[in-house]
Amino acid sequence: MGDSKQLIKREIRSFVRREGRITPAQREAVDSLWPRHGLEKTQLTDLDLTFGRKAPCFLEIGCGTGDALISLARANPDNNYIGAEVYLPGIGTMLQAIEKYGLTNVRLVRDDAMECLRESISDQSLNGVMVFFPDPWHKKRHNKRRLIQPSFLTLVVKKLKSHGRLFVGTDWQDYADHIIDISLEHPLLTNLAGDKIYAPRPAWRPLTRYEKRAIRLEHVVRDFVFTSN
Ligand SMILES: C[S@@+](CC[C@H](N)C(=O)[O-])C[C@H]1O[C@@H](n2cnc3c(N)ncnc32)[C@H](O)[C@@H]1O
């Protein structure tokens, strides 16, 4: 390998890191509130220690501006929630909400959720993982960037406690078909609604910004609830 022309294989990611337009208030929230409510990946290894209590713990991947995460954390004070998001303005908005509602049961990570799952979150430590409206990567040549892949399902199963749940919602039919296909082939995951069947929309699942957009565009929303065997 000593050659300087070493081949660096770049990992395919399910997101593009972009700051977007961050408002001064979001920036201020990130600067002042991150130390209180943000987590480094290493703090994910012992969730009881991080939250200072033993409680059921749920991870939301790609929580955007926190419509689901904040609402769930407010409605379920006895659960702990981790929101993984790489979009900084979204982090700013969530930090503002956490502070506004005085929430102590929700913490954020701003790293790639795949890395968090792979490197930091302990096996059998989560009661649930939620992925609501993941980026569809709708062009065929970009499909490989979709978050939900067989390797993702395997990782999630490893991190879930026994009978833990994976909740997914998408308004992109091709992504829904893809999820049906890969989950059918996964030996350790069961679709609770039955093979090739969508779940009813969970009554507790809050409406998010992307779901509102889907409704405006008259897209059909598909839900999935899987359990680890
Ligand atoms: C289409 S948005 C949906 C946001 C929100 N769930 C909603 O329904 O409004 C998808 C989000 O997932 C985030 N994301 C994608 N891949 C991610 C990853 N590997 N780790 C953390 N966040 C990710 C993106 O930054 C983006 O904000």
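Remember, it's a predicted structure, so these values are computed and weren't measured experimentally. (Residues numbered from 1 in each chain as written. Predicted model: local features only at pLDDT ≥ 70, side-chain atom pairs only at ≥ 80, totals over all residues.)

A. Expanded view of the overall build of the protein chain. Looking only at helices and strands, the protein chain features eight helices and eight strands. Relative to the 2.2 N^0.38 estimate, which gives 17 Å for 229 residues, the radius of gyration of the protein chain is 18 Å and therefore close to what a compact globule would have. In terms of its C-alpha atoms, the protein chain occupies a principal-axis envelope of roughly 55 × 45 × 40 Å. A buried classification covers 37% of the 229 residues belonging to the protein chain. (Helix = DSSP H or I, 4+ residues; strand = E, 2+ residues; numbered from the N terminus. Rg over C-alpha atoms; globule rule 2.2 N^0.38 Å. Buried ≥ 20, exposed ≤ 12 C-beta atoms within 10 Å, placed from the backbone.)

B. Summary view of the environment of valine 131. Secondary-structure assignment places valine 131 in strand 5 (residues 126-132). For valine 131, a count of 24 C-beta atoms within 10 Å puts it in the buried group. Sequence separation between valine 131 and isoleucine 61 is 70 residues, and the spatial gap between their C-alpha atoms is 5.3 Å.

C. Summary view of the pairing of strand 5. Here strand 5 lies mainly inside the structure; six of its seven residues are buried. Judged from the three bridges that link them, strand 2 (residues 57-61) and strand 5 form a sheet pairing that is parallel. Residue glutamate 60 lies in a different strand from strand 5, and its bridge partner there is methionine 130. In this fold, the crossover linking strand 5 to strand 6 (residues 160-170) by way of helix 6 (residues 150-159) has right-handed handedness. (Pairing = 2+ DSSP bridges. Right-handed = clockwise from strand over helix to strand, strands pointing away.)

D. Local environment of the environment of serine 122. Topologically, serine 122 is positioned in the loop between helix 5 (113-120) and strand 5. Judged by the 12 C-beta atoms lying within 10 Å of it, serine 122 falls in the exposed class. With 38 residues separating them along the chain, serine 122 and leucine 160 place their C-alpha atoms 9.2 Å apart.

E. The site of the ligand, seen in detail. In the region of the ligand, 24 residues are neighbours, and Gly62, Gly64, Ala113, Thr208 and Tyr210 sit closest. Where the shell around the ligand is concerned, the elements lending two or more residues are helix 5 and helix 8 (209-216). It is helix 8 that contributes the most residues to the shell around the ligand, three residues altogether. For the shell around the ligand, the per-class residue count stands at 13 nonpolar, five polar and six charged. (Near = placed C-beta within 6 Å. Nonpolar A, V, L, I, M, F, W, Y, C, P; charged D, E, K, R; others polar.)

F. The nonpolar core, seen in detail. With 55 residues, the main nonpolar core has Leu69, Ala84, Met94 and Val129 as its most contacted residues. In this structure, valine 129 is in contact with Leu59, Ile61, Val156, Leu160 and Leu166, ignoring residues within four places of it in sequence. (Core = buried A, V, L, I, M, F, W, Y, C linked by C-beta atoms within 7 Å. Contact = placed C-beta atoms within 7 Å.)

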